[in-house]
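Report on the structure
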Amino acid sequence: MGTAPAQLFPEFIVDTLGLDSVIGEVAASLVAAFVVGNIILAFTGVAGPWAKRKITAAFTDRIAVDRIGPYGLLIIPAAAVQLLAKELIIPEGVDRPSWDIAPILLPASALLGFSVIPMGQLGPINLHLADPEVGFALVFAFASIASVSLVMAGYASNNKYSLLGGLRAVAQNLAYEIPLIVTAMSVVIFAGTLQMSGIVGAQTETLVTIAGVSIPSWYALVNPFAFVLFLTANMAEIGRNPFDIPEAPTEIVGGYQTEYSSAYFVLFYLGEFVHIFLGGAILAVTFLGGASGPGPESIGFVWFVVKIWGFFLFTQWARAALPRVRIDQLIEIGWKGMLVLSFANLVLTAVIVGVIA
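Keep in mind that this is a model prediction, so the values were computed, not measured. (Residues numbered from 1 in each chain as written. Predicted model: local features only at pLDDT ≥ 70, side-chain atom pairs only at ≥ 80, totals over all residues. Heavy atoms only, no water.)

1. Here's the deal with the overall build of the protein chain
Assigned secondary structure in the protein chain consists of 13 helices and four strands. Scaling as 2.2 N^0.38, a compact globule of 357 residues should have a C-alpha radius of gyration of about 21 Å, and the protein chain matches this with 21 Å. Principal axes of the C-alpha set define a box for the protein chain whose edges measure 60 × 55 × 45 Å. Contacts spanning at least 24 positions in sequence make up 76% of the contacts within the protein chain whose residues lie at least 6 apart. Entry remark: accessible area of the protein chain is about 16,500 Å², with carbon and sulfur atoms responsible for 70%. With 15 positive and 23 negative side-chain charges, the protein chain shows a separation of 15 Å between the mean positions of the two kinds. (Helix = DSSP H or I, 4+ residues; strand = E, 2+ residues; numbered from the N terminus. Rg over C-alpha atoms; globule rule 2.2 N^0.38 Å. Contact = heavy atoms within 4.5 Å. Areas by Shrake-Rupley, 256 points an atom, 1.4 Å probe, with all protein chains shown as cover. Lys, Arg positive; Asp, Glu negative; His and termini not counted. Charge placed at Lys NZ, Arg CZ, Asp CG, Glu CD.)

2. Comments concerning the nonpolar core
Judged by nonpolar contacts, the single largest core of 67 residues is most densely connected at Phe 114, Ile 117 and Met 119. The element best represented in this core is helix 11 (residues 262–287), accounting for 10 residues. Those residues in contact with Phe 114, other than ones at most four positions away along the chain, are Ile 40, Met 119, Leu 129, Val 274, Phe 277, Leu 278 and Ala 281. Leu 150, Met 152, Ala 153 and Ala 169 belong to the second-largest nonpolar core, a separate cluster that totals 14 residues. (Core = buried A, V, L, I, M, F, W, Y, C linked by side-chain atoms within 4.5 Å. Buried < 20%, exposed > 50% of the residue type's maximum accessible area, 1.4 Å probe, protein only.)

3. Describing the confidence of the model for the protein chain
Taken as a whole, the protein chain shows an average pLDDT of 86; of its residues, 97% reach a score of 70 or greater. Mean pLDDT values over the elements of the protein chain span from 70, in helix 10 (residues 249–252), up to 92, in helix 12 (residues 300–321). (pLDDT = per-residue confidence, 0-100.)

4. Comments concerning the side chain of Asn 173
On the secondary structure map, Asn 173 appears in helix 6 (residues 160–191). Among the residues examined, Asn 173 registers a relative accessible area of 15% and is labelled buried. Excluding residues that lie within four positions of it along the chain, Asn 173 makes contacts with Ser 147 and Glu 237.

5. Here we look at the UniProt feature "transmembrane region" (unreviewed entry) in the protein chain
When the UniProt feature table is mapped onto this chain, "transmembrane region" (unreviewed entry) is found at residues 26–47, 68–89, 134–156, 176–194, 206–233, 263–288, 300–318 and 338–356. A distance of 28 Å separates the end C-alpha atoms of residues 68–89, which is 50% helix and 0% strand. From the first C-alpha to the last, residues 134–156 spans 34 Å; its make-up is 96% helix and 0% strand. (UniProt positions renumbered as here; feature names shortened; annotations may be inferred.)

6. Remarks on the packing of helix 6 against helix 13 (residues 327–356)
Two elements in contact, helix 6 and helix 13, have axes separated by 9 Å at closest approach and are oriented at 15°. Between helix 6 and helix 13, the interaxial angle falls into the category roughly parallel. Judged by the twist between their axes, the crossing of helix 6 over helix 13 is left-handed. Across the contact of helix 6 with helix 13, the residue classes tally to 21 nonpolar, seven polar and one charged. (Axes fitted to C-alpha atoms, helices over the stretch in contact; angles between N-to-C directions. Parallel < 35°, antiparallel > 145°, perpendicular 65-115°, else oblique. Left-handed = near helix turned anticlockwise from the far one by under 90°. Nonpolar A, V, L, I, M, F, W, Y, C, P; charged D, E, K, R; others polar.)

7. Overview of the environment of Gly 120
When you line up the elements, Gly 120 lands in the loop between helix 4 (98–113) and strand 1 (121–122). Here the alpha-carbon distance between Gly 120 and Gly 293, two residues 173 residues apart in the chain, equals 10 Å. Each residue touching Gly 120, except ones within four places of it in the same chain, is listed here: Ile 125, Asn 126, Leu 127, Ala 291, Gly 300 and Phe 301.

8. So, the side chain of Ser 115
Within the element layout of this structure, Ser 115 appears in the loop between helix 4 and strand 1. Reaching out from Ser 115, the side chain makes a polar contact with the backbone oxygen of Leu 112 at a distance of 2.5 Å. The contact partners of Ser 115, leaving out residues within four places of it in the chain, are Leu 129, Ala 130 and Phe 142. (Polar contact = N/O pair within 3.5 Å; in protein donor to acceptor, adjacent residues only side chain to side chain.)

9. A few points about the packing of aromatic side chains
Applying the stated criterion across every chain yields a total of 18 aromatic pairs. Aromatic side chains Phe 43 and Trp 309 sit 6.0 Å apart centroid to centroid with 75° between the ring planes, which places their arrangement in the edge-to-face category. In this pair, Phe 43 sits in helix 2 (residues 22–59) while Trp 309 sits in helix 12, placing the two residues 266 residues apart along the sequence. Take Trp 309: its relative accessible area is 23%, and that puts it in the partly exposed class. Ring geometry for Phe 140 versus Phe 230: centroids 6.4 Å apart, planes at 80°, classification edge-to-face. Taken as a pair, Phe 140 in helix 5 (residues 135–156) and Phe 230 in helix 9 (residues 224–237) lie far apart in primary sequence, 90 residues in all. On the basis of relative accessible area, Phe 140 is assigned to the buried category, the value being 7%. A network of ring pairs unites the aromatic residues Phe 43, Phe 265, Tyr 269, Phe 273, Phe 277, Trp 309 and Phe 312 as a single cluster. (Phe/Tyr/Trp six-rings, centres within 6.5 Å; stacked < 30°, edge-to-face > 60°.)

10. Quick word on a nonpolar patch on the surface
A surface patch of nonpolar side chains, about 470 Å² in accessible area, is lined by Val 151, Val 170, Leu 174, Ile 178, Trp 335 and Phe 343. At the level of secondary structure, the elements contributing two or more residues to the nonpolar patch comprise helix 6 and helix 13. The element best represented in the nonpolar patch is helix 6, accounting for three residues. Position of Val 151 among the secondary structure elements: in helix 5. (Patch = residues over 30% accessible without salt bridge, like charges linked within 9 Å, V, L, I, M, F, W, Y side chains within 5 Å. Salt bridge = Lys/Arg side-chain N within 4 Å of Asp/Glu carboxyl O.)

11. As for the pairing of strand 3 (residues 206–210)
With four bridges joining them, strand 3 and strand 4 (residues 213–216) adopt antiparallel strand pairing. Looking at the pairing, Val 208 lines up with Ile 215 of strand 4. (Pairing = 2+ DSSP bridges.)

12. Here we look at the packing of helix 9 against helix 11
Each pair of packed helices can be described by the angle between their axes along with the distance between the axes. One way to put it is that helix 9 packs onto helix 11 with a least axis distance of 11 Å and a crossing angle of 165°. One finds that helix 9 runs roughly antiparallel with respect to helix 11. Handedness of the helix 9/helix 11 crossing: right-handed. Two secondary-structure elements touch here, helix 9 through Ala 226, Phe 227, Phe 230, Leu 231 and Asn 234 and helix 11 through Gly 279, Ile 282, Leu 283, Thr 286 and Phe 287.

What follows is the structure in structure tokens.
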């Protein structure tokens with residue numbers, strides 16, 4: 001289905017530099033992972049201190065940062081220095097090393113998810129680290145580690161508000177992880193593979209041609225109902241409004257991150273935004289054709305960036321426009337609404353594909 005996958009990024013480095021030994025292959029993989037990781041970290045560095053404030057201000061008719069550098073862009077290094085310069089306060093009674101590991105685990109789980117995401121080509125380079133046959137299952141497995149981080153932080157902090165945040169994270173994960181994966185399986189039924197490149201390749205085919213314009217068979221167009229379900233469950237998984245229950249500042253102070261400061265708080269803040277971009281990347285690969293778009297394949301990475309930043313813009317609109325649901329409403333929506341609808345979508349998809357096939 002679709003075009004053959006391009007050469008993976010580590011393989012490109014090996015062939016370009018002539019690294020034919022095992023050590024050379026390991027070095028090439030580390031270099032490729034370093035490049036991809038820093039691209040994502042650069043996105044989050046812009047999104048967290050600057051873009052989030054600018055977008056929210058635009059939605060709420062306010063003025064955001066505009067005094068520190070042109071367009072307020074120097075708030076990025078200023079915020080980093082400000083946060084990292086703060087004293088790391090370790091409360092009495094915390095359960096270490098769990099308290100120390102939790103903020104590291106959150107961004108690490110999201111960065112691991114990008115190891116199997118096909119980010120498209122940038123010139124001759126294909127920004128795709130690995131393409132295992134079960135890559136689609138792996139990315140959800142990596143992303144779900146985030147819940148472990150939140151539970152560890154909540155339990156280890158020796159704080160009732162933190163504990164409530166951790167418990168809410170577990171409840172939210174259980175209520176929305178199943179609908180998310182079940183809805184994603186409807187895409188697997190369409191594509192006939194769990195390999196990420198295969199899922200993207202299946203969406204490069206033409207769905208319909210209107211007035212000479214070819215409409216690609218993106219699964220968001222093939223099954224818009226599944227797209228809406230996946231988008232909703234995805235918002236719950238990354239904890240954005242109206243599903244930001246685990247931290248809920250007006251209810252439980254800051255939830256799981258209440259007792260964290262300085263570099264540890266930065267790691268939590270970083271992890272939150274890396275997970276937003278991972279959620280956008282999964283959505284793009286699953287329903288929006290991945291890095292495909294008008295023009296040559298060599299600019300596919302540009303389209304991938306547009307799609308994940310579009311998802312980020314949507315999350316910030318939701319944050320500014322939608323009120324937070326109550327915890328009982330969140331559980332009810334997940335178990336009584338999303339779960340039922342996701343299984344109905346899966347069965348209907350299986351029937352349709354079975355009849356067509």
